[in-house]
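# Reading the structure
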Amino acid sequence: MDPEKLHQEMTSSYPPGIAERLADSTVAIAGAGGLGTIISVSLARAGIGRLIIADHDLVEARNLNRQHYFIDQIGKPKVHALRRNLEMINPWVEVTVRDKMITRKNVKDYFEDADVIVEAFDRADQKLMLIETVMLELPNTPIVVASGLGGYGNNEGICTQRTGKLHICGDMRTEADEKNPPMAPRVGVVANLQANRVLELLLEGVGE
């Protein structure tokens with residue numbers, strides 16, 4: 001199929017204005033693990049125009065139980081492996097990668113061009129750092145975070161809450177630990193809730 005026709009076919013079922021809005025949007029994702037890989041895949045399939053993805057880790061075998069990587073990518077930098085995977089899904093998405101640790105000092109530089117910022121970290125201290133820094137240095141940019149995604153089951157407890165520019169997805173209580181390890185189904189549910197909230201924010205007012 002002609003590449004241009006294929007590109008159009010991918011979003012041909014969308015109502016007027018949606019594909020165009022998404023193509024003009026930029027989403028930043030902090031973390032390329034279980035949450036970040038699934039969020040980026042969903043947004044790429046939806047037709048987002050640009051993704052900024054930051055993570056400094058390498059793909060490990062233990063990641064494969066819930067993260068969108070493949071066996072032959074073990075040992076490779078996550079952001080570069082993920083960019084390759086996204087190109088195989090939707091080559092029209094511009095993927096900018098940051099292969100460095102995210103700190104308070106570089107959050108603004110990395111993510112100031114984003115329309116929405118997504119938190120996809122494992123550790124609570126990293127989550128808090130990103131939220132605090134975004135709210136202080138990028139106060140007009142919505143941030144979508146995850147809280148409570150450990151273990152499995154309890155579908156009815158997973159939801160989305162909003163406080164100003166802060167959007168929280170998860171059950172808000174079941175953190176991942178030795179008793180409740182992160183598992184693919186529940187991580188995927190929360191990640192797609194985050195991706196879905198991103199679409200809500202980007203498409204607000206389209207078609208009205």
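Below or above, wherever it landed, is the structure these notes cover.

Turning to its location among the elements, Leu22 is positioned in helix H2 (residues 18-23). You can call Leu22 buried: its relative accessible area is 2%. Along the primary structure Leu22 and Gly49 are separated by 27 residues, whereas in three dimensions their C-alpha atoms are 6.0 Å apart.

All right, on to the packing of helix H3 (residues 34-46) against helix H7 (residues 184-202) then. Two numbers describe how H3 lies on H7: the axes approach to 8 Å, and their chain directions differ by 45°. The angle between H3 and H7 places the two elements in the oblique class. At the point where H3 passes H7, the crossing takes the right-handed sense. Here Gly34, Leu35, Ile38, Ile39, Ser42, Leu43 and Ala46 of H3 come into contact with H7, specifically with Val187, Gly188, Val190, Ala191, Asn192, Gln194, Ala195, Val198 and Leu199. A per-class count over the contact of H3 with H7 returns eleven nonpolar, five polar and no charged.

With that out of the way, let us pick up the nonpolar core. One finds Val27, Leu35, Ile39, Leu43 and Leu51 to be the most contacted residues of the largest nonpolar core, which totals 41 residues. Excluding residues that lie within four positions of it along the chain, Leu51 makes contacts with Val27, Ile29, Ser40, Leu43, Leu86, Val93, Glu94, Val95 and Thr96. In terms of nonpolar packing, the next biggest core, distinct from the first, is built from 20 residues, Tyr110, Phe121, Ile131 and Val145 among them.

Take the pairing of strand E7 (residues 166-170) next. Judged by how many residues are buried, E7 sits mostly within the fold: five of five residues are covered. The side-chain alternation of E7 yields two buried faces, one formed by Leu166, Ile168 and Gly170 and the other by His167 and Cys169. Both strand E5 (residues 143-146) and E7 contribute to a ladder of four bridges, which runs parallel. Considered in E7, the bridge of Ile143 is made with Leu166. Sheet analysis places strand E6 (residues 159-163) next to E7, joined by five bridges and oriented antiparallel. Directly across from Arg162, in E7, lies its bridge partner His167. Two successive antiparallel strands, E6 and E7, enclose a turn made up of two residues, where Gly164 displays a positive phi of approximately 65°.

So, how was this worked out
Residues numbered from 1 in each chain as written. Predicted model: local features only at pLDDT ≥ 70, side-chain atom pairs only at ≥ 80, totals over all residues. Heavy atoms only, no water. Helix = DSSP H or I, 4+ residues; strand = E, 2+ residues; numbered from the N terminus. Buried < 20%, exposed > 50% of the residue type's maximum accessible area, 1.4 Å probe, protein only. Axes fitted to C-alpha atoms, helices over the stretch in contact; angles between N-to-C directions. Parallel < 35°, antiparallel > 145°, perpendicular 65-115°, else oblique. Left-handed = near helix turned anticlockwise from the far one by under 90°. Contact = heavy atoms within 4.5 Å. Nonpolar A, V, L, I, M, F, W, Y, C, P; charged D, E, K, R; others polar. Core = buried A, V, L, I, M, F, W, Y, C linked by side-chain atoms within 4.5 Å. Pairing = 2+ DSSP bridges.

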